[in-house]
Amino acid sequence: MPQIKNISIIGGSGQQGTPILKALLLSKHFTITAITRSSSPSTSPPGITVTRGDYSSSFLESALKNQDALVIILGVAAPKDLQSRIITAAASACVPWVLPCEFGPDGASREMMDGLPVLAAKKGVRDEIEAAGDSGWLGIVCGLWFDVNLKNAFFGLNIKERTVRLYDEGTTVLSTSTLDQVGCGVVKLLSLPSEKLLKYRNSFVYINSFHVSQLDIFHSLLKATSTEEAAWKVTKVPVHNAITEGRNALAAGDYKGGLDMFVGMMFKEGAGGDFRPKSNNGDLGLVEENLDEVVAQVVKKVEAA
Ligand SMILES: NC(=O)c1ccc[n+]([C@@H]2O[C@H](COP(=O)([O-])OP(=O)(O)OC[C@H]3O[C@@H](n4cnc5c(N)ncnc54)[C@H](OP(=O)(O)O)[C@@H]3O)[C@@H](O)[C@H]2O)c1
């Protein structure tokens with residue numbers, strides 16, 4: 001199998017797609033095509049080919065001809081069957097490698113699969129790729145996006161309001177990545193020599209910026225905000241309660257409340273949010289980031305907003 005050269009990305013204008021596209025461009029190793037909807041308001045950076053269309057089967061198959069790899073990073077607003085149609089087109093166009101829309105929790109963890117219904121659909125897509133047999137999947141597991149989720153106070157730490165809500169004692173470790181680190185990880189993976197890449201065929205690839213607990217993040221926040229613990233209101237919730245209440249909220253149609261189920265699962269001891277032993281950073285040559293530096297950048301953004 002030849003070394004990857006031609007890469008297509010679908011959703012490259014999005015929150016995670018943008019840094020992936022930026023990292024692919026910066027590497028200067030690849031010829032990049034951004035496949036986008038005719039109706040998309042997005043603009044693409046110079047140096048890439050942009051293929052706009054209606055996402056019909058014929059459009060997708062033609063757009064994916066001669067591609068070595070396809071990165072799919074669609075938003076939740078995308079039609080539920082779109083990924084399947086893309087997979088079928090990629091198989092018809094004989095694209096050897098597909099990175100399906102994973103980019104989050106560990107789908108190899110049984111407890112995570114059982115606890116987060118959204119992961120079932122992701123497994124369905126992986127199964128479809130395997131069943132078609134023409135492409136191999138590479139599932140990026142990056143944990144929760146660190147910078148996005150800290151900025152939005154989704155880790156239980158609210159920078160603006162100076163509140164901390166710890167799951168249990170706040171010591172459970174979470175493997176997590178910034179958006180930029182995911183971009184770097186994708187480039188490192190797709191730059192691997194083909195015989196090394198084959199090792200990852202139809203399996204997950206674990207990347208991270210760092211492995212941290214809520215308390216680690218809190219202590220870093222104290223440094224970045226030059227505050228003492230006394231300036232923050234700290235509360236605790238048993239993680240089991242948070243997950244159950246989040247699940248009930250979601251069932252009642254409260255998506256914001258449902259977040260507690262998602263984040264709680266990630267901070268539940270032994271559920272798979274901590275994937276330290278599985279991390280492929282070393283194999284990929286992906287260097288961890290510095291927690292204090294990343295936290296300081298997030299604090300700056302929050303305080304400037
Ligand atoms: N790890 C985490 O913490 C975390 C958090 C949230 C999500 N995720 C994962 O990351 C994925 C991407 O999330 P994101 O926030 O980057 O997505 P996003 O920014 O909301 O959207 C990504 C792209 O999807 C395309 N898109 C949007 N609506 C569409 C539609 N109706 N039909 C077809 N394409 C459409 C757009 O591309 P064009 O305009 O170019 O067509 C858009 O730029 C999610 O699906 C999820 O798997 C991970």
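Residues numbered from 1 in each chain as written. Predicted model: local features only at pLDDT ≥ 70, side-chain atom pairs only at ≥ 80, totals over all residues. Heavy atoms only, no water.

## Description of the packing of helix H1 (residues 17-27) against helix H7 (residues 179-190)
Relative to each other, H1 and H7 sit at 45°, their axes nearing to 8 Å. Our classification of the angle between H1 and H7 gives oblique. The way H1 lies across H7 gives a crossing that is right-handed. For the pair H1 and H7, the contacting residues are Pro19, Ile20, Lys22, Ala23, Leu24 and Ser27 in the first and Leu179, Asp180, Val182, Gly183, Cys184, Val186, Val187 and Leu190 in the second. In terms of residue class, the contact of H1 with H7 is built from 10 nonpolar, 2 polar and 2 charged. (Axes fitted to C-alpha atoms, helices over the stretch in contact; angles between N-to-C directions. Helix = DSSP H or I, 4+ residues; strand = E, 2+ residues; numbered from the N terminus. Parallel < 35°, antiparallel > 145°, perpendicular 65-115°, else oblique. Left-handed = near helix turned anticlockwise from the far one by under 90°. Contact = heavy atoms within 4.5 Å. Nonpolar A, V, L, I, M, F, W, Y, C, P; charged D, E, K, R; others polar.)

## Let's talk about the sheet that holds strand S3 (residues 49-53)
Taken in spatial order, the 7 strands of this open sheet run S3-S2-S1-S4-S5-S6-S11, and their pairing is parallel. Of all strands in the sheet, those with a lone pairing partner are S3 and strand S11 (203-206), marking the two edges. Pairwise comparison of adjacent strand axes, ignoring direction, gives a mean angle of 25° for this sheet. Across 5 bridges, the pairing between strand S1 (residues 6-10) and strand S2 (residues 31-37) is parallel. (Pairing = 2+ DSSP bridges.)

## Brief notes about the UniProt feature "domain: NmrA-like" (unreviewed entry) in the chain
When the UniProt feature table is mapped onto this chain, "domain: NmrA-like" (unreviewed entry) is found at residues 5-135. The straight-line gap between the two end C-alpha atoms of residues 5-135 is 16 Å; of that span, 38% is helix and 18% is strand. (UniProt positions renumbered as here; feature names shortened; annotations may be inferred.)

## A word on the domain arrangement of the chain
Split into domains, the chain comes out as domain 1 (6-142 + 178-206) and domain 2 (144-177 + 209-275 + 285-304). Here the C-alpha centroids of domain 1 and domain 2 sit 27 Å apart. The interface is formed by 22 residues belonging to domain 1 together with 26 residues belonging to domain 2. Together, the buried faces of domain 1 and domain 2 total about 1,900 Å²; carbon and sulfur atoms form 65% of this surface. For the domain 1 face of the interface with domain 2, the top three residues by lost area are Cys142, Thr178 and Gln181, together amounting to 32%. Across the salt bridge formed by Lys268 and Glu111, the nearest N and O atoms sit 2.3 Å from each other. Across the domain 1-domain 2 interface, the total number found is 10 residue pairs in polar contact (both at pLDDT 80 or more). For the side of domain 1 that touches domain 2, the secondary structure elements donating two or more residues are helix H4 (110-115) and H7. With 6 residues, the top contributor of residues to the side of domain 1 that touches domain 2 is H7. (Domains from an automatic or database assignment. Buried area = accessible area lost by both parts, 1.4 Å probe. Salt bridge = Lys/Arg side-chain N within 4 Å of Asp/Glu carboxyl O. Polar contact = N/O pair within 3.5 Å; in protein donor to acceptor, adjacent residues only side chain to side chain.)

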